[in-house]
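These are the residues of each chain, in order.
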Amino acid sequence: MTVTGQDIADYVDRVRAALADLPPAVRDELTEDLPEHLTEVAAEADGTLVERLGEPEAYAAELRAAAGAGEPLGARGGLNRRIAAAAHRARARLSGLDTSLGPILGYASASEFLRLLRPAWWVLRGYLAAALLSAIFSGDLTLVPRPFLSEVTGLLVLVAAVLASIWLGRNSDRLRRWPRRLMHAGALVLVVFGLVLLVNLDERSQWDDFGYQGVSVGDRYDSVQDVFVYDSEGRLVENARLFDQNGVPIRLGYPSCVDPAQPDAALRTGYPYCPEMAPFRPRPPATAPVPPGANGGGATPAPSGSSLPTAAATPTAVPSATVTPAPTGTVPEPSPTR
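The rules behind these values
- Residues numbered from 1 in each chain as written.
- Predicted model: local features only at pLDDT ≥ 70, side-chain atom pairs only at ≥ 80, totals over all residues.
- Heavy atoms only, no water.
- Helix = DSSP H or I, 4+ residues; strand = E, 2+ residues; numbered from the N terminus.
- Buried < 20%, exposed > 50% of the residue type's maximum accessible area, 1.4 Å probe, protein only.
- Contact = heavy atoms within 4.5 Å.
- Areas by Shrake-Rupley, 256 points an atom, 1.4 Å probe, with all protein chains shown as cover.
- Patch = residues over 30% accessible without salt bridge, like charges linked within 9 Å, V, L, I, M, F, W, Y side chains within 5 Å.
- Salt bridge = Lys/Arg side-chain N within 4 Å of Asp/Glu carboxyl O.
- UniProt positions renumbered as here; feature names shortened; annotations may be inferred.
- Phe/Tyr/Trp six-rings, centres within 6.5 Å; stacked < 30°, edge-to-face > 60°.

**Student:** Could you give an account of the overall build of the protein, naming the residues involved and the relevant values?
**Tutor:** Scanning the protein from N- to C-terminus turns up ten helices and two strands. Scored against the burial criterion, the 338 residues of the protein give a buried share of 23%. Put simply, 56% of the contacts in the protein that link residues at least 6 apart link residues at least 24 apart. Carbon and sulfur atoms make up 61% of the accessible area of the protein, which totals about 24500 Å².

Structure follows, in structure tokens:
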């Protein structure tokens, strides 16, 4: 922002008004070279006189203290004036540092070089604002803003935040004191958040397994050598395969019955690796089938709870015996052969 002659005249008038309690000769002596000094300050770099030198009242207090003129009449306290004077001295030192660092960067002042980077800061400020909103609504720090865990929403918020930051940067000279201070406070918050985000992303980059930190499943699984799967009937299931919710095979342990010639043969099959080492024996069938006639021709008793009728409930037809009449006469028995 270019400082005009009217701005310099207004600044001088406010300084003289703050020194109105002094004798006119003293006031004129203190402000004699003030317009020329303000012109030199305005020519050094952009920015208003208030930004460079502070409020005119604070500048007047500095002049009063340097001349040893004492406190102005009707002042509310010397403490406030001393604080204003200290702030003015700090600004003056910063202004000198700004001028001394400029040649190192190839410019008249460091602030002149930094003003060239303002468009980049506007874009970065919009990105940090979108990332902060994403962290608030999603609860996680991510490189790409994802508020509400949506990439589309994150992209829209990012574009809107960058455009709003650019508009604010181009119109920041029109802001008054308190809006300007709020803008600076927000920028400070975003810078601190940016440092936290940078540290978090650096820690994640040092994790293994493509950004996922390894989680131990506990000591109870460290000693697992084999897995045995049983069905609801207590029967051992062989060649069983286990998968997680993503379809990734689950492998626990290492078989103890490995053939030294084929150490990977058991790993290519399912569980269990060693069926002969099952901790539980297979459960025998509930009822063994009995073949017909095994009980002397009697009916086979049905298992308890079966819907089949029992032998006692089902009558069995017995065929009647057929009587064959014996032939008349006697048949001589053969005499034994000697």
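Past the structure itself, the notes keep going.
**Student:** Would you mind going over a nonpolar patch on the surface in detail, with residue names and values included?
**Tutor:** Taken together, the side chains of Leu94, Leu97, Leu101, Ile104 and Leu105 make up a nonpolar region of the molecular surface, amounting to roughly 490 Å² of accessible area. If you trace the backbone, Ile104 turns up in helix α6 (residues 78–105).

**Student:** For the UniProt feature "transmembrane region" (unreviewed entry) in the protein, give the residues involved together with the corresponding values.
**Tutor:** With numbering matched to this structure, UniProt assigns "transmembrane region" (unreviewed entry) to residues 122–142, 148–169 and 181–201. The span residues 122–142 carries 81% helix and 0% strand; its end-to-end C-alpha distance comes to 20 Å. End-to-end, the C-alpha atoms of residues 148–169 are 28 Å apart, and along that stretch the chain is 86% helix and 0% strand.

**Student:** With reference to specific residues and values, describe the packing of aromatic side chains.
**Tutor:** Two numbers describe a pair of aromatic rings. These are the distance of the centres and the angle of the planes. A full pass over the atoms with the stated rule returns four aromatic pairs. Their ring planes at 70° and their centres at 6.1 Å tell us that Tyr11 and Tyr59 sit as a pair that is edge-to-face. Of this pair, Tyr11 sits in helix α1 (residues 5–18) while Tyr59 is found in helix α5 (residues 56–67), placing the two residues 48 residues apart along the sequence. Overall, Tyr11 belongs to the buried group, its relative accessible area being 4%. Exposure remark for Tyr59: the relative accessible area of 9% places this residue in the buried category. An angle of 70° between the planes, with centres 5.8 Å apart, marks the rings of Tyr230 and Phe280 as edge-to-face.

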